[in-house]
Amino acid sequence: MHFGALSITVNFQEFCFFYQLEMDAGEASVDVHDHGSIIDSKKHRVQCNYCGKVVTTFSRLKCHLGGIRGDVRPCEKVREGVKESFRKKLMETKRDGIDKAVGKLCHPDLPLKRNWCHNSSSIKKNKLETTQTAGCGNGRHPEMDVMVEDGVPESSPVIGEELSKKACDGEENRDLLSVQTKKSIGRFFYEMGIELGVVNSQSFHSMLNATLGQGQANYKIPTLQELKGWVLQDEVKEMREYAKTVRDSWEISGCSILLDAWIDDKSRNLVNFVVECPKGPIFLRSSDISSIIDDVDALQSLLNEVIEEIGAENVVQIVACSTEGWMKALREEYRIRNRPIFWTVSVSHCIALILGKIGMMDSIRGILDKAKIISKFIYGHATVLKLWKNQTCDRELIKPSKIKPAMPFMTLENMVEEKRTLKHMFSSSEWISSEWASTVEGKKVADLVGTPSFWSGAGMVLKGTIPLVHLLSLIHGDNTPQMANIYETMDQVKETIKEEFQNKKSEYDPFWKVIDQIWDTYLHSPLHAAAYFLNPSLFYSEDFYTDTEVAFGILCCVVKMVKDQRSQDIVSLQLYEYKNAGGSFKEGSAIDKRTDITPFQWWSQYGRQYPELQKLAIRILSQTCDDASKYGLKRSMAEKLLISGRNVIEQQRMCDLAFVHYSLQLQNSWSDINRDIMADEIDPMDDWISDNVVEIASQNGESAWIGMDSSEVHMHAEGPSNFQPKEEAC
């Protein structure tokens, strides 16, 4: 009897199990009235037959039964077959509605609300929620926030996942290679700031066909709408994710606000705000400050907005790219009011000021003018330039620089290195037989190249300037924070100049005076002195020297950066331990420990016993000393962004384009370990080439930059039609 009852029970359970499977596998009824009952017809309230939940309208009951999360909680007791049937029906209904209102989907991998290509009619039918940003906001595009109907939540992950399989012309399986190709092309357009309409150019298509070969048909060029749509939004999403990882590090390392300001061809005063920390730089925003350029309070309010966006507790310093104009006014404001955030001036800008002042010294200017005569003559005449190129295997005599005041000294250094080649060229048979050898100008240049006093004077100029040029190259080519070394490095530059002149004060002192003038007036900051003190590789060395300037620097940083008096007292006691290499500092003071790792790493490893001082040291040593100029940001995108008159949607798209454009530039420049101050090409309008520059087509079809008068043009060309002025050389 007992075993029989058990057998019946087991058989009944098996029956129920297989019956449930059969029901789940079959097509359940999708008539919602079979699965719910009306309990209040006036208020449209219906009750689920499975769990008893009451919802408003049968549309919500469908979502409840289909397990679609959003406005209503999914039913936990409904059979799987019923659930799947309602889910499938909802997807089909929603897909039909989207096809009618929007048209074809254009991206398989995006959530539903970002998966639509809107036309004018669809925008009219749907509500838009817009959020205007100027770069690093929440990343939501106005076209992304279209509201859905019929009770189906817009963020449904199931529907988005299923619809993605039907995206782009109804393709079942989207070619991943094609998607990546489109994104790569889009990234190129965004980074270089190329007009998106170029994608429709036949020449662009022909270029890709020629590059990839006609036989490769597996790639697809993105359409203009795709570049404006999902491709752009994918890049926005990736850049914001990258920016978030950088932002997350600010709490520990702090950050610096870098100013990049200029006046455009419309006489507008524009500025880009870049934020930098050891994790890398990110673009924050662009602003037109033309209307407030003379209002210090308004400028301060703008800066306060930027600081608030970053978090005032994260900002250590603002690095200015100029010492004049509105930046000078703000610098005075910070100095007078003793604000907790430091105002510093870019090292690159200060060194450029030093080189500019040195270049104006009478003895220096005379040598540079003579060197300029040589370069103008060579680059100003096609036959002479060709002779130079033949002598040097196509090397350039002029060395262009991203920092203009450095170019004369870089070019002069190159001339000295090419001294033997220059002398050989002006004594060669090719020169003697040329038409220019007998001219007054040609004889003057040849005599100058052969004059010993010119070369000795050039050597003197280089002794006092090349150490500064090398410092510029070091700053531009190094991604590690320079704050820990700039104080000592500037002293080393001065000592190098002194040694070059064999300690003769009458010769090195003029250079020292210019350096000290700029250092004392603009460059020196308490941050520099404090970083020098907190750099263990310098502090624990035998030649470390503490003067009143260094002592004041560390004291100033403690007062400004440590908020309460109690913490300041603790830091003071911990500084005593650091000074005497006590506690955990004793282990870190060993030579191999303080020189094998960066100061940031040293404090992270050996400062744990003293957390208050550790935090202060890390935040000081993590800062840069340079502005955003080293990244070479293109300013045309900001100039377009700050043009008024666009509608909200187009302005948001421009914000997204600017954010992606500058983010890509910063990211790629940050990872470029070969970045230096050398420019990519010579400016044809530079006064080291010629005052009047024209372009003459040579016989082989190439062009040469030449400065000449009308008689020279007829001498070198068949007629006036053979040359044209270069109108857009700059």
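Residues numbered from 1 in each chain as written. Predicted model: local features only at pLDDT ≥ 70, side-chain atom pairs only at ≥ 80, totals over all residues. Heavy atoms only, no water.

1. Examining the environment of S249
Piece 1. For S249, the position within the fold is in the loop between α10 (230-247) and α11 (250-253).
Piece 2. Its relative accessible area of 12% is what places S249 among the buried residues.
Piece 3. Counting along the chain gives 65 residues from S249 to N314, while the straight-line C-alpha distance between them is 9.5 Å.
Piece 4. The residues touching S249, leaving out its near neighbours within four places in the chain, are G254, C277 and K279. (Helix = DSSP H or I, 4+ residues; strand = E, 2+ residues; numbered from the N terminus. Buried < 20%, exposed > 50% of the residue type's maximum accessible area, 1.4 Å probe, protein only. Contact = heavy atoms within 4.5 Å.)

2. Considering the side chain of S286
Piece 1. Along the chain, the position of S286 falls in strand β6 (residues 280-288).
Piece 2. Under the relative-accessibility criterion, S286 is labelled buried at 5%.
Piece 3. A polar atom in the side chain of S286 sits 2.5 Å from the side chain of N272. (Polar contact = N/O pair within 3.5 Å; in protein donor to acceptor, adjacent residues only side chain to side chain.)

3. Some words on the pairing of strand β2 (residues 45-48)
In regular strands, side chains alternate between the two faces of the sheet.
Piece 1. Alternating positions in β2 separate cleanly, V46 and C48 being buried on one face and R45 and Q47 remaining unburied on the opposite face.
Piece 2. Taken together, the 3 bridges between β2 and strand β3 (residues 54-56) define a ladder with antiparallel strand orientation. Paired with R45 across the bridge in β3 is T56.
Piece 3. In textbook terms, the turn of a hairpin is the stretch between consecutive antiparallel strands, and for β2 and β3 this stretch comprises 5 residues, one of which, G52, has a positive phi near 80°. (Pairing = 2+ DSSP bridges.)

4. Some words on the nonpolar core
Piece 1. Core analysis: the largest hydrophobic core is formed by 105 residues, its most contacted members being I378, L534, Y578, W603 and L613.
Piece 2. No other element matches the 11 residues that helix α21 (residues 452-477) contributes to this core.
Piece 3. The residues contacting I378, other than those within four sequence positions of it, are V384, L385, W388, L397, L422 and M425.
Piece 4. In this structure, V236, Y631, M637 and M654 belong to the second largest nonpolar core, which totals 37 residues. (Core = buried A, V, L, I, M, F, W, Y, C linked by side-chain atoms within 4.5 Å.)

5. Some thoughts on helix α14 (residues 347-359)
Turn by turn, an α-helix covers 3.6 residues, leaving residues three or four places apart pointing in a common direction.
Piece 1. Here α14 is 13 residues long and its end C-alpha atoms lie 18 Å apart, about the 18 Å a rise of 1.5 Å per residue gives.
Piece 2. Across the 13 residues that make up α14, a large majority, 10, are buried.
Piece 3. Every buried residue of α14 is listed here: V347, S348, H349, C350, I351, A352, I354, L355, I358 and G359.
Piece 4. Close packing links the buried residues of α14 with β8 (342-345), α15 (362-379), α17 (407-417), α21, α22 (486-500) and α23 (505-523).
Piece 5. For α14, the capping residue at the N-terminal end is S346, with a side-chain oxygen 3.2 Å from the backbone nitrogen of S348. (Expected span 1.5 Å × (residues − 1).)

6. Observations regarding the environment of F426
Piece 1. Inspection of the secondary structure puts F426 in the loop between α18 (419-425) and α19 (429-432).
Piece 2. Sequence spacing of F426 and V449 is 23 residues, and the spatial spacing of their C-alpha atoms is 7.9 Å.
Piece 3. Filtering out sequence-adjacent residues up to four positions away, F426 remains in contact with F377, W431, V445, A446 and V449.

7. Comments concerning a negative patch on the surface
Piece 1. Where like charges cluster on the molecular surface, the negative patch consists of D491, E495, E499 and E500.
Piece 2. Along the chain, the position of E499 falls in helix α22. (Patch = residues over 30% accessible without salt bridge, like charges linked within 9 Å, V, L, I, M, F, W, Y side chains within 5 Å. Areas by Shrake-Rupley, 256 points an atom, 1.4 Å probe, with all protein chains shown as cover. Salt bridge = Lys/Arg side-chain N within 4 Å of Asp/Glu carboxyl O. Lys, Arg positive; Asp, Glu negative; His and termini not counted. Charge placed at Lys NZ, Arg CZ, Asp CG, Glu CD.)

8. Thoughts on the side chain of Q574
Piece 1. Along the chain, the position of Q574 falls in helix α27 (residues 565-579).
Piece 2. A relative accessible area of 8% means that Q574 is categorised as buried.
Piece 3. Here L613 takes part through its backbone nitrogen, which lies 2.8 Å from a polar atom of the side chain of Q574.
Piece 4. Setting aside anything within four residues of it in sequence, one finds Q574 in contact with F585, Y610, P611, E612 and L613.

9. Some points on the sheet that holds β6
Remark on secondary structure: sheet strands pair via backbone hydrogen bonds, oriented parallel or antiparallel.
Piece 1. As summarised here, the arrangement of the 5 strands in space is β6-β5-β4-β7-β8, forming an open sheet in which the pairing is mixed. Of all strands in the sheet, those with a lone pairing partner are β6 and β8, marking the two edges. Sheet twist, expressed as the mean angle between neighbouring strand axes with direction ignored, is 25°.
Piece 2. Where strand β5 (residues 269-277) and β6 come together, 8 bridges link them in antiparallel fashion. (Axes fitted to C-alpha atoms, helices over the stretch in contact; angles between N-to-C directions.)

10. Description of the pattern of salt bridges
Between side chains of opposite charge, a pair can form as their charged atoms come close.
Piece 1. Going through the model one piece at a time under the given rule, you end up with 25 salt bridges.
Piece 2. The salt bridge partner of K183 is D234, with a shortest N-O separation of 3.5 Å. Taken as a pair, K183 in helix α7 (residues 176-192) and D234 in helix α10 lie far apart in primary sequence, 51 residues in all.
Piece 3. E418 is paired through a salt bridge with R395; the nearest N and O atoms lie 2.8 Å apart. Within this pair, whereas E418 is found in the loop between α17 and α18, its partner R395 is found in the loop between α16 (382-392) and α17, the two being separated by 23 residues in sequence.
Piece 4. You can call E418 buried: its relative accessible area is 7%.
Piece 5. When salt bridges with common partners are traced through the structure, they connect K183, R187, D234, E235 and E238 into a single cluster.

11. Topic: the packing of helix α24 (residues 526-534) against helix α31 (residues 611-621)
Piece 1. Two elements in contact, α24 and α31, have axes separated by 9 Å at closest approach and are oriented at 120°. Between α24 and α31, the interaxial angle falls into the category oblique. Here α24 and α31 pass one another in a crossing that is left-handed. Where α24 abuts α31, its residues L527, A530, A531 and L534 lie against L613, A617, I620 and L621.
Piece 2. Of the residues in the contact of α24 with α31, the class split is 8 nonpolar, no polar and no charged. (Parallel < 35°, antiparallel > 145°, perpendicular 65-115°, else oblique. Left-handed = near helix turned anticlockwise from the far one by under 90°. Nonpolar A, V, L, I, M, F, W, Y, C, P; charged D, E, K, R; others polar.)

12. Side note on the sheet that holds β2
Piece 1. Taken in spatial order, the 3 strands line up as β1-β2-β3 in an open sheet, and their pairing is antiparallel. Only two strands of the sheet have a single partner each, and these edge strands are β1 (36-40) and β3. Strand-to-strand twist of the sheet, defined as the mean angle between neighbouring strand axes without regard to direction, takes the value 40°.
Piece 2. With 4 bridges joining them, β1 and β2 adopt antiparallel strand pairing.

13. What about helix α26 (residues 548-561)?
Piece 1. The end-to-end C-alpha distance of α26, which contains 14 residues, comes to 20 Å, matching closely the 20 Å that a straight helix rising 1.5 Å per residue would cover.
Piece 2. Those residues of α26 lying buried are V550, G553, I554, C556, C557, V558 and K560.
Piece 3. The elements touched by buried residues of α26 are β8, α22, α24, α27 and α31.
Piece 4. Residue D547 occupies the N-cap position of α26, its side-chain oxygen lying 3.2 Å from the main-chain nitrogen of E549.

So, to be careful, I would describe these as geometric facts and stop short of saying anything about function.
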